[in-house]
Amino acid sequence: MQNIIDDIAAQMALVSDKGKVASYIPQLACVKPDQFAMSIALPNGEVYNAGCAQTLFSIQSVSKVFTLTLALGKLGESIWNRVGREPSGDPFNSIVQLEHEQGKPRNPFINAGAIAIADIIMQGHQPKETLAEILQFVRFVANDDSIAIDEKVARSEYETGDRNASLAHFMASFGHFQNPVDAVLGTYFHHCSIAMNTKQLATAGLYLANNGVNPLTGYPVVSAKRAKRINALMLMCGHYDGSGEFAFRVGLPGKSGVGGGILAIAPGKASIAVWSPGLDTIGNSKLGTLALEMLTQQTGWSVFGD
């Protein structure tokens with residue numbers, strides 16, 4: 001396994017077009033695009049790393065996997081009254097579908113859906129309390145208490161988050177919010193600003209590769225049925241309007257973020273995290289997607305077969 005990912009990292013270094021970093025969030029625009037990291041965590045506790053696997057990056061929308069898990073734990077299947085389960089086919093920050101569907105987001109991984117999930121998690125609490133709960137959960141599944149929120153990125157998101165604010169106010173106009181819009185937005189911007197490295201992120205996803213059980217602690221995070229459903233949503237919706245292309249090329253449940261990270265799950269086999277800040281035109285990591293495609297070709301881990 002180490003030889004496989006070392007070879008992939010070496011090949012990524014030779015790729016000339018590494019994509020473009022997200023420029024609409026000033027703090028992300030400062031990140032050097034020629035970085036690459038890959039980590040593979042196995043249920044037996046082994047972790048394989050290549051590239052700059054210790055470098056912290058903003059996980060952005062990858063955090064939506066963890067907030068969805070928390071929301072399901074709080075309210076169970078009733079959250080689907082607030083958020084749908086279908087692919088969007090539109091950009092992650094589109095407002096078009098909200099108008100046609102009376103303010104109900106298409107799925108929990110587009111921005112509108114994740115903002116609605118943040119509102120569900122809050123349950124009347126203040127953002128600081130909710131963020132402490134989210135951070136505690138991420139630290140727990142990653143087995144690492146050093147994980148923190150990058151306040152500079154959170155501030156940068158808040159200052160440039162007009163589109164997300166529009167999505168939130170539009171949903172609130174349909175009566176879908178239970179908490180003040182500004183409080184929900186503050187929670188959302190901050191959980192997207194959690195900073196992790198690929199080793200931490202791969203470890204954090206192990207419960208989804210292991211039937212809902214964190215294999216490092218033996219603690220059941222979610223039921224096997226719920227882990228399967230979260231993985232299904234990641235496969236269908238985890239890469240926004242590029243989810244079909246990702247499934248076609250990689251064949252794994254995955255969740256991307258505009259910070260350049262991707263968490264991918266090979267059910268029963270591994271949790272994989274890749275990071276390269278250069279994005280493709282849709283907003284997914286260009287090298288990260290290529291690296292995962294190469295990994296599934298060499299391991300046969302695609303859920304669709306060898």
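Refer to the structure printed above.
The following paragraphs examine the structure supplied in this document. Bear in mind that the values here come from a model prediction, so they are computed numbers and not experimental data.

1. Structural notes on the environment of Asp 306
Within the secondary structure, Asp 306 is located in the segment after helix H14 (286-299). Along the backbone, Asp 306 and Thr 296 are 10 residues apart, and their C-alpha atoms lie at a distance of 8.3 Å.

2. Some remarks on the sheet that holds strand E2 (residues 47-51)
One key point about sheets: their strands pair by backbone hydrogen bonds, in either a parallel or an antiparallel sense. Taken together, the 5 strands give an open sheet; going across it, the order is E2-E1-E10-E9-E8, and neighbouring strands pair in antiparallel fashion. Sheet topology places E2 and strand E8 (254-256) at the edges, where each strand pairs with a single neighbour. With direction set aside, neighbouring strand axes in the sheet form an average angle of 10 degrees. As judged from the 5 bridges shared by strand E1 (residues 37-41) and E2, these two strands associate in the antiparallel manner. What sits directly across from Ile 40, in E2, is Tyr 48.

3. Some remarks on the nonpolar core
For soluble globular proteins, the rule of thumb is that nonpolar side chains tend to be buried together. With 66 residues, the main nonpolar core has Phe 66, Leu 68, Ile 194, Met 196 and Tyr 207 as its most contacted residues. In terms of residues, this core owes the most to one element, helix H5 (residues 111-122), which gives 9 residues. Excluding residues within four positions of it along the chain, Ile 194 makes contact with Phe 57, Ser 58, Ile 59, Ile 134, Leu 135, Val 138, Ile 147, Ala 148 and Ile 149. Ala 9, Met 12, Met 38 and Ile 40 belong to the second largest nonpolar core, which has 24 residues in total.

4. Considerations on unusual backbone geometry
The phi dihedral of Gln 60 is positive, around 50 degrees, even though this residue is not glycine. Here Gln 60 is to be found in the loop between strand E3 (57-58) and helix H3 (63-75). The buried category is assigned to Gln 60, whose relative accessible area is 3%.

5. Some remarks on the pairing of strand E9 (residues 261-266)
With respect to burial, E9 is a largely interior element, 6 of its 6 residues being buried. Of the two faces of E9, the one lined by Gly 261, Leu 263 and Ile 265 and the one lined by Ile 262, Ala 264 and Ala 266 are each fully buried. In this structure, E8 lies alongside E9, joined through 3 bridges in antiparallel fashion. Bridged to Ser 256 within E9 is Ile 262. Linking E8 to E9, which pair antiparallel, is a turn of 4 residues; within it Gly 260 sits at a positive phi near 100 degrees. Summarising the sheet, E9 and strand E10 (residues 270-275) pair through 6 bridges and their orientation is antiparallel. Across the sheet, residue Ala 266 finds its bridge partner in E10, namely Ala 270. Linking two consecutive strands that pair antiparallel, namely E9 and E10, is a turn of 3 residues; a positive phi of about 80 degrees is found at Gly 268 within it.

6. What about the sheet that holds strand E4 (residues 148-149)?
If you walk across this open sheet you meet the 3 strands as E3-E5-E4, and the pairing is antiparallel. The sheet terminates laterally at E3 and E4, the two strands that pair on one side only. Packed onto the sheet, helix H6 (residues 127-142) meets E4 and strand E5 (194-196) and runs at close to 15 degrees relative to E5.

7. Focus on the packing of aromatic side chains
What the rule picks out here adds up to 6 aromatic pairs. Ring centres of Phe 170 and Phe 174 lie 5.4 Å apart, and the angle between their planes is 70 degrees; on these two criteria the pair is classed as edge-to-face. Using a relative accessible area of 24% as the deciding quantity, one classes Phe 170 as partly exposed. The exposure class assigned to Phe 174 is partly exposed, which follows from its relative accessible area of 36%.

8. Some thoughts on the environment of Ala 224
Assignment of secondary structure puts Ala 224 in helix H12 (residues 224-237). Residue class for Ala 224 comes out partly exposed when judged on its relative accessible area of 41%. For the pair Ala 224 and Ala 209, spaced 15 residues apart in the sequence, the C-alpha separation amounts to 9.8 Å.

9. Observations concerning the side chain of Asn 179
With respect to the secondary-structure elements, Asn 179 resides in the loop between helix H8 (162-173) and helix H9 (181-191). Take Asn 179: its relative accessible area is 8%, and that puts it in the buried class. A polar contact of 2.7 Å, which involves the side chain of Asn 179, links it to the side chain of Asp 119. At 3.0 Å, the side chain of Asn 179 and the backbone nitrogen of Gly 124 are in polar contact.

10. Considerations on the pattern of salt bridges
Using the criterion set out here, one finds 7 salt bridges in the structure. Lys 74 is the partner of Glu 133 in a salt bridge, and the nearest nitrogen-oxygen pair spans 3.1 Å. Placement of the pair is Glu 133 in helix H6 and Lys 74 in helix H3, with a sequence separation of 59 residues. Residue classification places Glu 133 among the partly exposed positions, given a relative accessible area of 27%. When its relative accessible area of 27% is taken as the criterion, Lys 74 is described as partly exposed. Put simply, Arg 229 and Glu 77 hold a salt bridge, and the shortest N to O gap is 3.5 Å. A residue pair is termed long-range when its members are at least 10 positions apart, and Arg 229 in helix H12 and Glu 77 in the loop between H3 and helix H4 (96-100) qualify at 152 residues. Put simply, Glu 77, Arg 226 and Arg 229 are held in one network by salt bridges that share partners.

What counts and how
- For every chain, the first residue of the written sequence is number 1, and numbering continues from 1 along that sequence.
- Two thresholds apply to this predicted model, a pLDDT of at least 70 for residue-level local features and 80 or more for giving and counting side-chain atom pairs, whereas whole-chain, interface and lining totals are computed over all residues.
- Here the side-chain values reflect all heavy atoms present in the structure, with hydrogen atoms and water set aside.
- Elements are defined by DSSP. Helices are runs of H or I of four residues or more, strands are runs of E of two residues or more, and each kind is numbered from the N terminus.
- Pairs of strands are assigned from DSSP output, requiring at least two bridges between the strands.
- Axis definition: a line fitted to C-alpha atoms, limited for helices to the stretch in contact. Angles are taken between N-to-C directions and run from 0 to 180 degrees.
- To qualify as a nonpolar core, a set must consist of buried Ala, Val, Leu, Ile, Met, Phe, Trp, Tyr and Cys residues joined through side-chain atoms within 4.5 Å.
- Relative accessibility under 20% of the residue-type maximum defines a buried residue, over 50% an exposed one, and the middle range a partly exposed one, all with a 1.4 Å probe and only protein chains included.
- The contact criterion used throughout is that any non-hydrogen atoms of two residues lie within 4.5 Å.
- What counts as a ring pair is set by centres within 6.5 Å for rings of Phe, Tyr and Trp (its six-membered ring), and what kind of pair is set by the plane angle: stacked under 30 degrees, edge-to-face over 60, tilted for all other angles.
- The definition of a polar contact used here is a pair of N or O atoms within 3.5 Å, where within protein one atom must be able to donate a hydrogen and the other to accept one, and adjacent residues in sequence count solely through side-chain atom pairs.
- The term salt bridge refers to a pairing of a side-chain nitrogen on Lys or Arg with a carboxyl oxygen on Asp or Glu at a separation within 4 Å.

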